[in-house]
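# A look at the structure
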Amino acid sequence: MSINSPSPLSRTVKHLAYHSLFFFLAPASYASVAAAPMPNPHSSGVSSPAQPNIILFLVDDMGWQETSVPFWDSPTPLNQRYRTPNMERMARLGVRFTNAYACAVSSPSRCSLLSGMNAARHRVTNWTLHYNQSTDEPSSSLLLPTWHYNGIQPEDASPHDLVNATRVTPLPQVLKDHGYYTIHCGKAHFAAEQTAGADPLRLGFCVNIAGGANGAPASYLAENEYGSGPFHVTGLERYYGSGTFLTEALTLEAIRQMQQAVSRRQPFFLYLSHYAIHIPYDADSRFTPNYRDASGRGVIDPMLGVPLDEQEINHAALVEGMDKSLGDVLDYLQLHPDVARNTILLFMSDNGGQSVDFRQGRKNLDQNYPARAGKGSALEGGIHEPMMVLWPGVTRGGRVNANRVIIEDFYPTLLSMAGIRHYSTVQPIDGVDFTPLLLHPRRHHSRTLLFHFPNVWVRGYEEADGFGAYSALLRGDYHLIYFWESRHFRLYNRRRDIAETHDLSETHPRLLRRMAQQLTDSLLAMQAQRPSDLTGSPVPWPIEALTNKNRKK
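All of these numbers come straight from a predicted model, not from anything done at the bench.

With that settled, the discussion passes to the pairing of strand β9 (residues 181–186). Burial of β9 is extensive: six of the six residues sit out of reach of the surface. Note: β9 against strand β11 (residues 268–273), six bridges, orientation parallel. Residue pairing across strands places Ile-183 opposite Leu-270, the latter belonging to β11. Bridge count between β9 and strand β10 (residues 207–209): three bridges; the pairing is parallel. Note on β10: the bridge partner recorded for His-184 is Asn-208.

What follows is about the sheet that holds strand β16 (residues 449–453). Read across the sheet, four strands follow the order β16-β17-β18-β19 without closing on themselves; strand pairing throughout is antiparallel. Looking at which strands have only one partner, the edges of the open sheet turn out to be β16 and β19 (489–493). Mean inter-strand twist for the sheet, computed between neighbouring axes without regard to direction, equals 10°. Sheet analysis places strand β18 (residues 478–483) next to β19, joined by five bridges and oriented antiparallel. Opposite Tyr-478, over in β19, you have Asn-493 as the bridge partner. On top of the sheet, helix α13 (residues 509–525) reaches β16, β17 (470–475), β18 and β19; it is set at about 115° to β17, its chief contact.

Looking along the chain, the bond that leaves Ile-279 and enters Pro-280 is cis, with omega of 5°. Among the secondary structure elements, Pro-280 is positioned in the loop between β11 and α8 (310–335). Residues Tyr-369 and Pro-370 are joined by a peptide bond in cis, for which omega reads 10°. Mapped onto the elements, Pro-370 comes out in the loop between β12 (343–349) and α10 (380–383).

Taken as a whole, this structure holds 16 aromatic pairs when the rule is applied. When the centroid spacing of 6.3 Å and the interplanar angle of 20° are considered together, the rings of Phe-205 and Phe-269 count as stacked. You can see Phe-205 sitting in the loop between β9 and β10 and its partner Phe-269 sitting in strand β11, a full 64 residues away along the chain. A relative accessible area of 1% means that Phe-205 is categorised as buried.

Here we come to the pairing of β16. Most of β16 sits inside the fold, with five of its five residues counted as buried. Where burial is concerned, the two faces of β16 agree: the one with Leu-449, Phe-451 and Phe-453 and the one with Leu-450 and His-452 are both buried. In this structure, β16 lies alongside β17, joined through five bridges in antiparallel fashion. For His-452, the partnering residue across the bridge sits in β17 and is Ser-471.

Conventions we followed
Residues numbered from 1 in each chain as written. Predicted model: local features only at pLDDT ≥ 70, side-chain atom pairs only at ≥ 80, totals over all residues. Heavy atoms only, no water. Buried < 20%, exposed > 50% of the residue type's maximum accessible area, 1.4 Å probe, protein only. Helix = DSSP H or I, 4+ residues; strand = E, 2+ residues; numbered from the N terminus. Pairing = 2+ DSSP bridges. Axes fitted to C-alpha atoms, helices over the stretch in contact; angles between N-to-C directions. Contact = heavy atoms within 4.5 Å. Phe/Tyr/Trp six-rings, centres within 6.5 Å; stacked < 30°, edge-to-face > 60°.

Function cannot be inferred from these measures alone, as they are strictly geometric.
And the structure:
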């Protein structure tokens with residue numbers, strides 16, 4: 001599929017150069033700037049001198065409130081639990097997006113990021129690991145659909161790789177073809193073992209540090225050699241036995257590669273994709289003392305009203321260790337103002353915060369408060385993400401942007417930021433470039449978001465908490481969820497009811513029908529797969545299920 005996408009940069013953006021005192025030194029606003037037109041990038045694969053460096057700092061399993069930076073309309077008790085001074089620093093310098101979304105589990109989000117496709121279209125709808133093996137938990141009432149459990153694959157993938165997989169033109173490949181030094185550092189989780197897509201080097205990265213098919217670390221500890229088995233983190237042998245926590249090792253390697261790119265005088269794309277804050281919650285001894293009182297017990301948590309247990313102490317330390325990594329990246333840029341003034345930094349998470357049983361607090365109520373539930377759930381706790389953007393000369397410090405964005409938007413946006421106007425892909429692009437929202441902060445756009453998870457992530461969790469096989473739509477203030485197992489609907493007003501406790505599906509029948517029709521139309525347009533009942537008959541599409549329900553009344 002050919003894309004001829006005039007970038008907003010080439011039409012309207014002035015690329016702004018800073019005075020020698022770089023913006024990191026300003027507490028909440030930028031220094032004065034001098035404007036100069038940004039040259040059009042070459043489409044021949046030769047980089048333009050003005051092409052910006054781009055750093056995408058992605059965190060694993062980080063909920064929207066697991067930070068001292070508020071991403072709601074007011075601070076919350078969870079914001080008091082965590083210590084993230086460098087996220088605060090980035091928020092002072094850049095823009096917070098308070099309505100950023102991703103898929104509810106890891107691989108779908110990461111495949112959307114690298115392909116620009118919605119999960120309903122790329123069909124990598126659950127997490128991947130072993131070749132040609134589904135990771136779905138069984139359903140007692142459904143035959144779950146075949147999904148692309150071998151992940152996304154590069155254009156030159158073999159027939160072996162393309163079984164139950166999606167062929168794409170990966171984002172880093174487009175950047176590399178236009179002169180970028182592309183660096184992968186950390187968790188990949190794009191495809192199953194024994195496929196090309198499991199190797200970031202096959203997806204357009206020039207360098208791969210510690211990325212493979214594994215979706216989690218077996219261990220964060222260097223004394224454990226970062227674990228063993230299918231979740232072993234490879235490529236960090238130099239740190240074995242050194243006491244270097246995994247988050248720190250990845251940061252050191254990322255900065256080393258940035259230095260390499262700078263020495264080559266080549267624009268770089270750094271995808272710093274941390275394994276933190278995914279389980280296991282190994283203790284990061286650099287930060288665990290910050291969550292203990294003088295007796296060694298956990299500090300009294302402002303929300304729970306009781307001391308944090310060991311899991312939560314370690315979890316909070318993982319968050320702070322991630323934040324320290326962000327600070328190290330900011331420090332590197334501050335020390336190299338010539339690099340910094342031409343470097344864009346984006347912060348994002350891949351799904352909602354963990355809320356399963358080993359987390360302290362009331363199940364599915366406290367872990368992502370004021371949202372309910374968490375990772376794997378269709379509710380806000382499973383899909384609402386912390387997101388920030390720092391773009392020298394474009395973003396102004398301390399701003400908040402309430403426009404809705406989703407993970408597949410990063411594909412066209414990063415290419416737009418890079419000034420890449422002409423590129424071709426084998427896949428359609430569902431993402432929407434959000435650079436206009438940065439260039440014009442007062443702009444508001446209406447955006448409907450689609451979520452598709454016809455899978456079962458875990459058992460033992462209730463549909464009322466958003467778990468199970470579902471498809472969902474966010475439109476305006478309303479959130480519609482259709483559960484494939486029960487054929488039930490839930491409808492929430494997320495602006496008035498962020499905890500999604502008041503189901504409006506019975507009291508708003510006209511709105512329910514309109515949204516069920518739009519959800520059905522969206523799924524059909526993307527050729528989404530759907531489950532079947534135990535007889536093999538396809539489960540009705542949302543509008544069909546609603547029509548059948550109304551006929552029975």
